[in-house]
Amino acid sequence: MTQLLQAPSSPTLTFHHCTSQPKSGLYVAEKSFLQSTQRHVRSLNISYAYSSSSSFTTKATSNGACASTVSGQTPESEVLKALSQIIDPDFGTDIVSCGFVKDLLVDEGLGEVSFRLELTTPACPIKDMFEQKANEVVAALPWVKKVNVTMSAQPAKPMYAGQLPAGLQTISNIIAVSSCKGGVGKSTVAVNLAYTLADMGARVGIFDADVYGPSLPTMVSPENRILEMNAEKRTIIPTEYMGVKLVSFGFAGQGRAIMRGPMVSGVINQLLTTTEWGELDYLVIDMPPGTGDIQLTLCQVVPLTAAVIVTTPQKLAFIDVAKGVRMFSKLKVPCIAVVENMCHFDADGKRYYPFGRGSGSQVVQQFGIPHLFDLPIQPTLSASGDSGMPEVVADPQGEVARTFQELGVCVVQQCAKIRQQVSTAVSYDRSIKAIKVKVPDSDEEFYLHPATVRRNDRSAQSVDEWTGEQKLQYSDIPDDIEPEEIRPLGNYAVEITWPDGFNQIAPYDQLQMMERLVEVPQLTPA
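Residues numbered from 1 in each chain as written. Predicted model: local features only at pLDDT ≥ 70, side-chain atom pairs only at ≥ 80, totals over all residues. Heavy atoms only, no water.

- Named according to an unreviewed UniProt entry, the protein is Fe-S cluster assembly factor HCF101, chloroplastic originating from Nicotiana attenuata.
- The UniProt entry for the protein carries the following text under Sequence similarities (unreviewed entry): "Belongs to the Mrp/NBP35 ATP-binding proteins family."
- Check the Subcellular location (unreviewed entry) section of the UniProt entry for the protein; it says "Plastid, Chloroplast stroma". (UniProt positions renumbered as here; feature names shortened; annotations may be inferred.)

Rendered as structure tokens:
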């Protein structure tokens, strides 16, 4: 949707050092930029437009063009205004600004309106509410007689830039289910979560990363229990059970592995990255216990979106789980939920806690993980793991299934938020020629001069790795340099492409330490 925005008449751009952070790199005031930008912004006494990512189709415009006009209320703008009343509760923004409204077609003579709502995931827990509200608000327009709303989801694609293996290039979200301790029910949680997401409408895969003791072959019952190879492409074809794609070393026909750590890491890497996963909305990885070489390899090879932590009420479980949470924190993988398994059981009208209480809530409180889910001691949950049919499939209306439905909603919502935060963390505002930074999980927003960012590159091309001597000189970078493209690179950095062909990796931590622009003009609606 086009919105007319106007800059203040006489803004000022100045510089300051961020005293709360240590300094590194080149910090030289960009005086020429200050003068030129002040002149540039003072001249902005005209209205200019921002366009959202939504595409609109009308009889008067081509597909993808916004139908709103500068003056007057067109039928298309009335429809968009009505739809902007619907707020996405996860993003806190209306669905028009989120870019959900696509292919808008209006026939005012017949009073017919049709459009498509493209959501971030087919497993969106409130997609029915979106469809209902969209019908209601558009039908309320006095001239509208018929509304046709179709629902769709964005194509599966990773949110990170970089050279991903071919098998991972069409996977939207990769979720690690981890405990760092054996015997707490991690595999049970991973499998039931995957089938819950599939029941919500998502395309899902499970990767069993435990080569020493694979659990997946016992917990599911695919018709084909042996992985097949595509000899031409030299890739692995996953097996499948009830619509969920499955890969495990246990399906490789060799049972459990007896090999050293480096070999195991290579096997896991091969199984995961050479599999033909196809388009997936979620790939759930059942992580092996521990925080060693195998876990680190997985976290570094795979662009993990988030992690779900599984624990039990005992203090001993908490100690091991805490190590895993710290590992994910160092690797910049957000932990979005804690599942406390075997919490309690009910008998004689009372609830009993045989293993004590508090491990899960302690993880939540100590590490700030936002969501906690309790699973009871239930014979059917254990039995389903041995029978080859997940509990959420065997008893979709039971207490356990309801808990996993809540967990599934949490995973969908948190992954959508993470993708939104990462995609908008660093961007370039051409109107004021400044790079805007808002690091995920931070309320702070600030601006950087492009030349400052380029001059503070710390790669081997700019700084001698042995001596620390600065190879990139201040005068090597022109003051008016502008980035050509900024792409997310994991949860920790962005990759910036510059006009000279250089691709700079800029970690969020480094951007937060650079010299900032202050008193940047704020754009307000005209």
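### Things to note about the overall build of the protein
- Secondary structure summary: the protein contains 14 helices and 28 strands in total.
- Sorting the 526 residues of the protein into buried and exposed places 50% on the buried side.
- Partitioning the contacts of the protein with sequence separation of at least 6, the portion at a separation of at least 24 is 70%.
- In the form shown here, the protein has an accessible surface area of approximately 24,100 Å², with 50% of it arising from carbon and sulfur atoms. (Helix = DSSP H or I, 4+ residues; strand = E, 2+ residues; numbered from the N terminus. Buried < 20%, exposed > 50% of the residue type's maximum accessible area, 1.4 Å probe, protein only. Contact = heavy atoms within 4.5 Å. Areas by Shrake-Rupley, 256 points an atom, 1.4 Å probe, with all protein chains shown as cover.)

### Details of the sheet that holds strand E20 (residues 372–374)
- If you walk across this open sheet you meet the eight strands as E13-E14-E10-E15-E9-E16-E17-E20, and the pairing is mixed. The sheet is open, and its two edges are formed by strand E13 (239–241) and E20, each paired on a single side. Taking each pair of neighbouring strands and ignoring which way they run, the sheet shows an average axis angle of 25°.
- With four bridges connecting them, strand E10 (residues 204–208) and strand E14 (residues 244–248) associate as parallel partners. Residue pairing across strands places Ile206 opposite Leu246, the latter belonging to E14.
- Helix-sheet contacts for helix H4 (residues 186–199) involve strand E9 (171–178), E10, E13, E14, strand E15 (280–286), strand E16 (306–311) and strand E17 (335–340), and the interaxial angle to E15 is about 170°. (Pairing = 2+ DSSP bridges. Axes fitted to C-alpha atoms, helices over the stretch in contact; angles between N-to-C directions.)

### A short note on the layout of surface pockets
- The volume enclosed by the second largest pocket comes to roughly 690 Å³.
- Considering the residues around the second largest pocket, the lining is formed by 27 residues, among which Val333, Pro334, Cys335, Pro440 and Asp441 are closest to the centre.
- Listed by contribution, the elements that provide at least two residues to the lining of the second largest pocket are helix H8 (315–330), E17, helix H12 (399–423) and helix H14 (508–513).
- Counting residues per element, the lining of the second largest pocket draws most heavily on H12, which supplies five residues.
- Per-class residue counts for the lining of the second largest pocket are 15 nonpolar, seven polar and five charged.
- In this structure, the lining of the second largest pocket is formed jointly by two domains, domain 2 (166–420) and domain 3 (425–513), each of which donates at least three residues. (1 Å grid on protein atoms, 1.4 Å probe; cavity = no way out; pocket = protein on both sides within 12 Å on 5 of 7 lines; lining within 4 Å. Points joined across faces, edges and corners; volume = space filled by probe spheres on them. Nonpolar A, V, L, I, M, F, W, Y, C, P; charged D, E, K, R; others polar. Domains from an automatic or database assignment.)

### Brief notes about the pattern of salt bridges
- Per the counting criterion, the structure on display carries 14 salt bridges.
- Among the salt bridges present, the one from Asp286 reaches Lys186, with a minimum N-O distance of 2.9 Å. Linking Asp286 in strand E15 with Lys186 in helix H4, this pair joins segments that are 100 residues apart in sequence. Residues Asp286 and Lys186 agree in their burial class; the two are buried.
- Between Asp346 and Arg351 there is a salt bridge, and its shortest N-O distance comes to 2.8 Å.
- What emerges from the salt-bridge pattern is a single network uniting Asp103, Arg116 and Glu118. (Salt bridge = Lys/Arg side-chain N within 4 Å of Asp/Glu carboxyl O.)

### Focus: the sheet that holds strand E6 (residues 101–107)
- Spatial ordering of the open sheet is given by E6-E7-E8, a layout of three strands whose pairing is mixed. In the strand order of this sheet, the two ends are held by E6 and strand E8 (146–153), each with one partner. Pairwise comparison of adjacent strand axes, ignoring direction, gives a mean angle of 10° for this sheet.
- Packed onto the sheet, helix H2 (residues 75–83) meets E6 and strand E7 (112–119) and runs at close to 135° relative to E6.

### Observations regarding empty space enclosed by the protein
- Under the counting rule described, the total for this entry stands at six cavities of 30 Å³ or more.
- Approximately 110 Å³ is the volume attributed to the largest cavity.
- As for the largest cavity, its lining consists of 13 residues, and the residues nearest its centre are Thr120, Thr121, Ser172, Asn173 and Arg419.
- Looking at the lining of the largest cavity element by element, the count peaks at three residues for H12.
- Partitioning the lining of the largest cavity into residue classes produces five nonpolar, five polar and three charged.
- Computed from the structure, the second largest cavity encloses a volume of approximately 80 Å³.
- By residue number, the principal contributor to the lining of the second largest cavity is H12, which donates three residues.
- Class assignment of the residues belonging to the lining of the second largest cavity gives a composition of eight nonpolar, three polar and two charged.

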